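# Geometric and topological summary
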Amino acid sequence: MEIWINPACSKCRSALTLLDAEGAGYTVRRYLEDVPSQDEIRAALDRLGLEPWDITRTQEAAAKELGLKDWPREEGARDRWIAALAEHPKLIQRPIITADDDSAVVGRTEEAVREALSRSRG
């Protein structure tokens, strides 16, 4: 498993605490420092089964500066959204946990983190 975190995020810290308590094997990616490429974001979206606007933190200052709330949420705008996430990684919802079965979850709740754990343990 890999977990994309911002160490300043309480949801990320909670997810790590739960993973540690369960003895899960995982690697940490501090995605604000080790910024995912557009291709990595596309791959994460495929694993999540979501669109880029589904994992965008629209209340962030950068989102407001870009006017994201007015961007179309349709296939033709997908690459524009992905480019914005790669350029402004703070806009990416967190934590994102990739499970060993090639799926992923946004681990903002204990239930979501446990789902990733169960997918990784088979």
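A brief structural summary.

Calculation criteria
- Residues numbered from 1 in each chain as written.
- Predicted model: local features only at pLDDT ≥ 70, side-chain atom pairs only at ≥ 80, totals over all residues.
- Heavy atoms only, no water.
- Pairing = 2+ DSSP bridges.
- Helix = DSSP H or I, 4+ residues; strand = E, 2+ residues; numbered from the N terminus.
- Axes fitted to C-alpha atoms, helices over the stretch in contact; angles between N-to-C directions.
- Contact = heavy atoms within 4.5 Å.
- Core = buried A, V, L, I, M, F, W, Y, C linked by side-chain atoms within 4.5 Å.
- Buried < 20%, exposed > 50% of the residue type's maximum accessible area, 1.4 Å probe, protein only.
- Polar contact = N/O pair within 3.5 Å; in protein donor to acceptor, adjacent residues only side chain to side chain.
- Phe/Tyr/Trp six-rings, centres within 6.5 Å; stacked < 30°, edge-to-face > 60°.

## Description of the sheet that holds strand β2 (residues 27-30)
Either a parallel or an antiparallel arrangement is found when strands of a sheet pair, and the pairing is made through backbone hydrogen bonds. Reading across from one edge, β2-β1-β3-β4 is the order of the four strands in this open sheet, with mixed pairing throughout. Of all strands in the sheet, those with a lone pairing partner are β2 and β4 (104-106), marking the two edges. Across the sheet, the mean angle from the axis of one strand to that of its neighbour is 20°, orientation sign disregarded. Across four bridges, the pairing between strand β1 (residues 2-5) and β2 is parallel. Paired with isoleucine 5 across the two strands is arginine 30, which belongs to β2. In the packing of helix α2 (residues 38-48) onto the sheet, contacts are made with β1, β2, β3 (96-98) and β4, and the angle to β4 comes to roughly 90°. Against the sheet, helix α5 (residues 110-121) touches β3 and β4, its axis set at about 170° to β4.

## Some points on the nonpolar core
The nonpolar side chains of a soluble globular protein tend to be buried, and buried together. Counting 21 residues, the largest nonpolar core has Ile41, Ile55, Leu68, Trp81, Leu85, Ile92 and Ile96 as its most contacted members. Only α2 and α4 (78-87) provide two or more residues apiece to this core. The element contributing the most residues to this core is α4, with five residues. Not counting the four nearest positions on each side in its chain, isoleucine 96 is found in contact with Glu2, Ile3, Trp4, Leu48, Ile55, Val105 and Val106. By size, the runner-up hydrophobic cluster in this structure holds 16 residues, among which are Met1, Cys9, Leu19 and Ile97.

## Structural notes on the side chain of arginine 57
For arginine 57, the location among the structural elements is in the loop between α2 and α3 (61-66). The buried category is assigned to arginine 57, whose relative accessible area is 19%. Here the side chain of arginine 57 touches glutamate 60 through a polar contact of 3.0 Å, side chain to side chain. Every residue in contact with arginine 57, bar those within four places of it in the chain, is listed here: Ala63, Lys90, Leu91, Ile92, Gln93, Arg94 and Arg108.

## Some thoughts on the packing of aromatic side chains
Counting across every chain of the model gives two aromatic pairs. Ring centres of tryptophan 53 and tryptophan 81 lie 5.8 Å apart, and the angle between their planes is 70°; on these two criteria the pair is classed as edge-to-face. Linking tryptophan 53 in the loop between α2 and α3 with tryptophan 81 in helix α4, this pair joins segments that are 28 residues apart in sequence. Among the residues examined, tryptophan 53 registers a relative accessible area of 12% and is labelled buried. Ring geometry for tryptophan 71 against tryptophan 81: centres 5.5 Å apart, planes inclined by 80°, an arrangement best described as edge-to-face. In this pair, tryptophan 71 is assigned in the loop between α3 and α4 and tryptophan 81 in helix α4, connecting sequence segments ten residues apart. The class for tryptophan 71 is buried, based on a relative accessible area of 11%.

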